[in-house]
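Descriptive analysis of the structure
The lines below spell out each chain.
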Amino acid sequence: MPNFAYKGRNAGGQLVEGVLEGASAGAVADLLAGQGLMPVEIKETRKAVAAGAGQSDGINLFKPKVGHIDLLLFSRQLHTLLKAGVPIMRALAGLQESAVNPAMKQTIQDVRDSLEAGRELSVSLARHPKVFSPFYISMVRVGEATGLLEEIFLRLFEHLEFERFMREQVKSALRYPLFVVLAMAAAIVVINLFVIPAFAKVFQGFGADLPLMTKLLLGFSNFMIEWWPAMLAALVASILGFRSWVATPKGRYDWEAIALRIPIAGKILHKAALARFARSFALGARSGVPLMQALANSAQTVDNSYIAKRIEGMRDSVERGESVLRAAISAGFFTPVVLQMVAVGEESGALDDMMEEVGQMYQREVEYELKTLGAQIEPILIVTLGILVLILALGVFLPMWDLGKVAIKR
């Protein structure tokens, strides 16, 4: 998500400046309000988010980072301790003692120091934006306001577990197709650099006109042999250029909009985003989060800046007085099934239940799509491999076939 430079005033009227990550300026404004700051100016920037207090700003490539599993365990264990009646300071001290990751130990220590200084838990967590997302902090803030902090941490654990499951499913589904594509690319390089040049020496001894397919193969092989350093440099430059482009807010927005239109993968990304949105919206609504804030929080969880922008547009529409259904229709990325569930939920006053059903439905669909992803990609890979083999066979064996016919006639 893009970064936003902000200026705000605290309760004492002092001007505070910094950089936060968010789906939009409105989402950053909500986060600042939760930290007790009155926003004065918020604008998009390319500056990096500042490290949280207690975190080193020095560059260290081997410095451990707080991983998803660390946050997962932190949420689950904190829920268990708070439910058992353990005070928050004792609970954090126990989690710090049992933490294996040094980065997590340091983060919990800083949160404890911040709490001892009189800050709220949500504000203390917000000092570590690279560890705790705006959605996480917003949910903790709701738990503090409602007195249901232990229940909020349980729901956050379930949400993080769902996110982890989705990532693992995607990695598992893409492992086989990626291996096949890399093997095909390696085979093309080996054939053009080593195999075809050996056949070229044989063809030169024929002293006859070669077929078009053979000429194309020999030409491409000679091109790769002569220009492989330039081709390698162009490939590396393309990868670096793409990563630099995606690192910009506009580049990431454009790429994630394009990704939704990619065959096979696009529909999975779309359904996964709908599942994340529906589950996070239902979680916020059930926890007592106001509708505006629930939409802003949900935009932080879809993992797609293009869809996040659409959800922010929904939030603005609802803020102007439109119904959730009309705002969802205007957003233009919800399926008819989701719109029907929203209509029923809004009319019956059970929008959170309907969105939970939508989240579970699309979660099951994403699971099915990911399980069958290999079967969907396999025909494409087989056809591509067949075309490559056909081109190679025609290019190599046609000259031999022609030579054989000439020898028979003689």
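Our subject is the structure that appears above.
Here's what I pulled together on the structure shown here.

Rules used throughout
- Residues numbered from 1 in each chain as written.
- Predicted model: local features only at pLDDT ≥ 70, side-chain atom pairs only at ≥ 80, totals over all residues.
- Heavy atoms only, no water.
- Buried < 20%, exposed > 50% of the residue type's maximum accessible area, 1.4 Å probe, protein only.
- Helix = DSSP H or I, 4+ residues; strand = E, 2+ residues; numbered from the N terminus.
- Pairing = 2+ DSSP bridges.
- Phe/Tyr/Trp six-rings, centres within 6.5 Å; stacked < 30°, edge-to-face > 60°.
- Patch = residues over 30% accessible without salt bridge, like charges linked within 9 Å, V, L, I, M, F, W, Y side chains within 5 Å.
- Areas by Shrake-Rupley, 256 points an atom, 1.4 Å probe, with all protein chains shown as cover.
- Salt bridge = Lys/Arg side-chain N within 4 Å of Asp/Glu carboxyl O.
- Core = buried A, V, L, I, M, F, W, Y, C linked by side-chain atoms within 4.5 Å.
- Contact = heavy atoms within 4.5 Å.
- Expected span 1.5 Å × (residues − 1).
- Polar contact = N/O pair within 3.5 Å; in protein donor to acceptor, adjacent residues only side chain to side chain.
- Axes fitted to C-alpha atoms, helices over the stretch in contact; angles between N-to-C directions.
- Parallel < 35°, antiparallel > 145°, perpendicular 65-115°, else oblique.
- Left-handed = near helix turned anticlockwise from the far one by under 90°.
- Nonpolar A, V, L, I, M, F, W, Y, C, P; charged D, E, K, R; others polar.

Details of the pairing of strand S1 (residues 3-9)
Where a strand is regular, its side chains alternate between the two sheet faces. Burial analysis of S1 places five of its seven residues in the buried class, which makes it a mostly covered element. With seven bridges connecting them, S1 and strand S3 (residues 38-45) associate as antiparallel partners. Counted as the bridge partner of Tyr6 is Ile42 from S3.

Comments concerning the packing of aromatic side chains
Inspection of the entire model under this criterion finds ten aromatic pairs. Seen in terms of ring centroids, Phe74 and Phe153 are 6.4 Å apart; in terms of plane orientation they differ by 85°. Their pairing is edge-to-face. With Phe74 in helix H2 (residues 68-83) and Phe153 in helix H7 (residues 149-204), this pair connects stretches of sequence that are 79 residues apart. According to the relative accessible area criterion, Phe74 is buried, its value standing at 5%.

Focus on a nonpolar patch on the surface
Together, Ile188, Phe220, Phe223, Trp227, Met231 and Leu388 make up an exposed nonpolar region whose accessible area comes to about 520 Å². Here the nonpolar patch takes four residues from helix H8 (residues 212-247), the largest share from any one element. Mapping Met231 onto the fold places it in helix H8.

Points about the side chain of His79
When you line up the elements, His79 lands in helix H2. Residue His79 is classed as buried on the basis of its relative accessible area, which comes to 7%.

Overview of the pattern of salt bridges
Across all of its chains, the model carries 14 salt bridges by this definition. The residue Asp254 makes a salt bridge to Lys250 at a minimum N-O spacing of 2.8 Å. Note that Asp254 and Lys250 are positioned in helix H9 (residues 249-259) at a spacing of four residues, about one turn of the helix. Look at Asp254 and you get partly exposed, because its relative accessible area is 24%. On the basis of relative accessibility, which here comes to 60%, the residue Lys250 falls in the exposed class. Measuring nitrogen to oxygen at the nearest pair gives 3.0 Å for the salt bridge that ties Glu365 to Lys271. Of the two residues, Glu365 is situated in helix H15 (residues 351-371) and Lys271 in helix H10 (residues 265-286); the sequence distance between them amounts to 94 residues. Among the residues examined, Lys271 registers a relative accessible area of 18% and is labelled buried.

A word on the nonpolar core
Counting 77 residues, the largest nonpolar core has Phe74, Tyr136, Phe153 and Phe334 as the members making the most contacts within it. With eleven residues, H7 is the largest single contributor of residues to this core. When near neighbours in sequence (up to four residues on either side) are disregarded, Tyr136 contacts Leu71, Phe74, Ser75, Leu125, Phe153, Leu156 and Leu160. If you look at the next biggest cluster of nonpolar residues, it comprises six residues, including Phe4, Tyr6, Val28 and Leu37.

Things to note about helix H4 (residues 102-116)
Taking 1.5 Å per residue, 15 residues should reach 21 Å; H4 reaches 21 Å between its end C-alpha atoms and fits that length. Burial in H4 covers these residues: Ala103, Met104, Thr107, Ile108, Asp110, Val111, Arg112, Ser114 and Leu115. Near the N-terminus of H4, the side chain that reaches the backbone nitrogen of Ala103, with its oxygen 2.9 Å away, is that of Asn101.

Structural notes on the packing of helix H14 (residues 336-348) against H15
Contact pair H14 / H15: the axes reach a minimum separation of 7 Å and the direction vectors enclose 160°. In terms of axis orientation, H14 runs roughly antiparallel to H15. Note on packing geometry: the crossing formed by H14 with H15 is right-handed. On H15, the residues that touch Val337, Val338, Met341, Val342, Val344, Gly345 and Glu346 of H14 are Leu351, Met354, Met355, Glu357, Val358, Met361 and Tyr362. A breakdown of the residues in the contact of H14 with H15 according to their chemical character gives eleven nonpolar, one polar and two charged.

Points about unusual backbone geometry
Backbone geometry places Ile264, a non-glycine residue, at a positive phi of 70°. With respect to the helices, strands and loops of the structure, Ile264 is situated in the loop between H9 and H10. Under the relative-accessibility criterion, Ile264 is labelled partly exposed at 22%.

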